[in-house]
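A look at the structure
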Amino acid sequence: MTQPSSGTTPRTPLGGVRVLVTRSPERSAALVEALAAAGAEPVLLPLIDFERAPDQHMLDVACDALAAAAFDWLVVSSATTVHVLMEKAAERGLRLGQLVPPGTRIAAVGPATRRLLEAGGLTVALTPPGEQSAAGLLAVWPGGGRILLPQADIAAGTLSEGLAAAGGTVTAVTAYRTVDYPAAAERRLSMQAEDGDAGPQPSSYSLLAPQTAAADIAGGRLHAVIAASPSAVRRIAALGPLGGCRLVAIGRSTAEQAAALDLDVAAVAAEPTPEGLVAAVAKALSPP
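These figures come from a predicted structure and were not determined experimentally.

What counts and how
- Residues numbered from 1 in each chain as written.
- Predicted model: local features only at pLDDT ≥ 70, side-chain atom pairs only at ≥ 80, totals over all residues.
- Heavy atoms only, no water.
- Helix = DSSP H or I, 4+ residues; strand = E, 2+ residues; numbered from the N terminus.
- Core = buried A, V, L, I, M, F, W, Y, C linked by side-chain atoms within 4.5 Å.
- Buried < 20%, exposed > 50% of the residue type's maximum accessible area, 1.4 Å probe, protein only.
- Contact = heavy atoms within 4.5 Å.
- Axes fitted to C-alpha atoms, helices over the stretch in contact; angles between N-to-C directions.
- Parallel < 35°, antiparallel > 145°, perpendicular 65-115°, else oblique.
- Left-handed = near helix turned anticlockwise from the far one by under 90°.
- Nonpolar A, V, L, I, M, F, W, Y, C, P; charged D, E, K, R; others polar.
- Pairing = 2+ DSSP bridges.
- Expected span 1.5 Å × (residues − 1).
- Arc of directions from axis to C-beta.
- Polar contact = N/O pair within 3.5 Å; in protein donor to acceptor, adjacent residues only side chain to side chain.

Keep in mind that most residues, glycine aside, have a negative phi and that most peptide bonds are trans. That bond from Y181 to P182 is cis: its omega, -5°, falls within 30 degrees of zero. Assignment of secondary structure puts P182 in the loop between β7 (169-180) and β8 (206-207). In the Ramachandran plot, A69 falls in the positive-phi region, its phi being about 65° despite a non-glycine side chain. The topology assignment puts A69 in the loop between α2 (56-67) and β4 (73-76).

Dropping the structure here:
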């Protein structure tokens, strides 16, 4: 196992550890701060970005139906979807809280998604109490209803199929595209701070190029890499062998994607939060 330098102390459990964060700067501030507070040196390599859905007409039709109270449930499976809904509300001269009628219940997967919805003035009726995933939500789903499910273009069918199997009438619509970083400027989805970030970008960070990150991994200069989505795992795999760099996954679906690519997962975050990821990094680097 690759070990950090001798700077590790009880006060800074990740002292001397360099951790690769594969999210864009505006989505990384809270995680960067949490890693730094634990003594780590976070470095950024944005691997994925998000563009507006190519078929805006279908998305607009779905949002108009949502505003007209055509759905019993709005199911939001990612924080990125919230940004899309914010943008669609703004196009209509509305706030997010005005786009969703009071009678439409909202289900959210993940604490960041829930916080963004609540910050937009919405009440979230249902979130998974345990595993923060499609499977976790389906495990507590009450069944039935007319459901709007805006999601990524590459979203697996697990959630839509599970909701339908539970008696729901599901309208699944592509809300955004996942692309290599950086997205085309004219199509890039506007992002606001997540996870309670104080600003749109971390206050201090190092931004690596893919070639530099690959060289640092090969040279043992990166101790851990955090994958926050299955999409990120696929792009991490393209960097080359991880060697002693420990892969930390944000959740089960990300870990399953890593396993499918024959990547060893050193730890999976118990909670998909900055604190949960920091704890997972510490676990990944702990002696056996």
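A separate point is the nonpolar core. Among the nonpolar cores identified, the biggest contains 49 residues, and L20, L74, L117, L242 and L247 are the most heavily contacted of them. In terms of residue count, the dominant contributor to this core is helix α3 (residues 79-91) (6 residues). Excluding residues that lie within four positions of it along the chain, L117 makes contacts with V76, V82, L96, I106, A108, L122 and V124.

Packed helices, taken two at a time, are described by the angle their axes make and the gap between the axes. Viewed as axis vectors pointing N to C, helix α1 (residues 29-37) and helix α11 (residues 274-285) meet at an angle of 45°, and their least axial separation amounts to 9 Å. With respect to α11, the axis of α1 lies oblique. Regarding α1 and α11, the two cross each other, and that crossing is right-handed. The residues of α11 that touch α1, namely those facing A30, L31, A34 and L35, are P274, L277 and V278. Counted by class, the contact of α1 with α11 contains 7 nonpolar, no polar and no charged residues.

What follows concerns the pairing of β4. Burial along β4 is two-sided: W73 and V75 facing one way and L74 and V76 facing the other are all buried. Looking at chain direction, β4 and strand β5 (residues 105-108) are connected through 4 bridges and run parallel. For V76, the partnering residue across the bridge sits in β5 and is A108. Here 2 bridges tie β4 to strand β6 (residues 146-152), and the two strands are oriented parallel to one another.

Once that is clear, we can look at the side chain of T113. Within the secondary structure, T113 is located in helix α5 (residues 111-119). Setting aside residues up to four positions removed in sequence, T113 forms contacts with V76, S77, S78, A79, V82 and A108.

This brings us to α2. Between its terminal C-alpha atoms α2 stretches 16 Å, which fits the 16 Å expected from 12 residues at 1.5 Å a residue. Listing the buried residues of α2 in full gives L59, A62, C63 and L66. Viewed end-on, α2 has its buried residues packed into an arc of 100°, placing them on one side of the element. Check the buried side of α2 and you find it contacts β4, α3, α4 (96-99), β6 and β7. Two or three places before H57, at the opening of α2, D55 has a side-chain oxygen 3.3 Å from that residue's backbone nitrogen. One or two residues past the end of α2 sits A69, with phi positive at roughly 65°.

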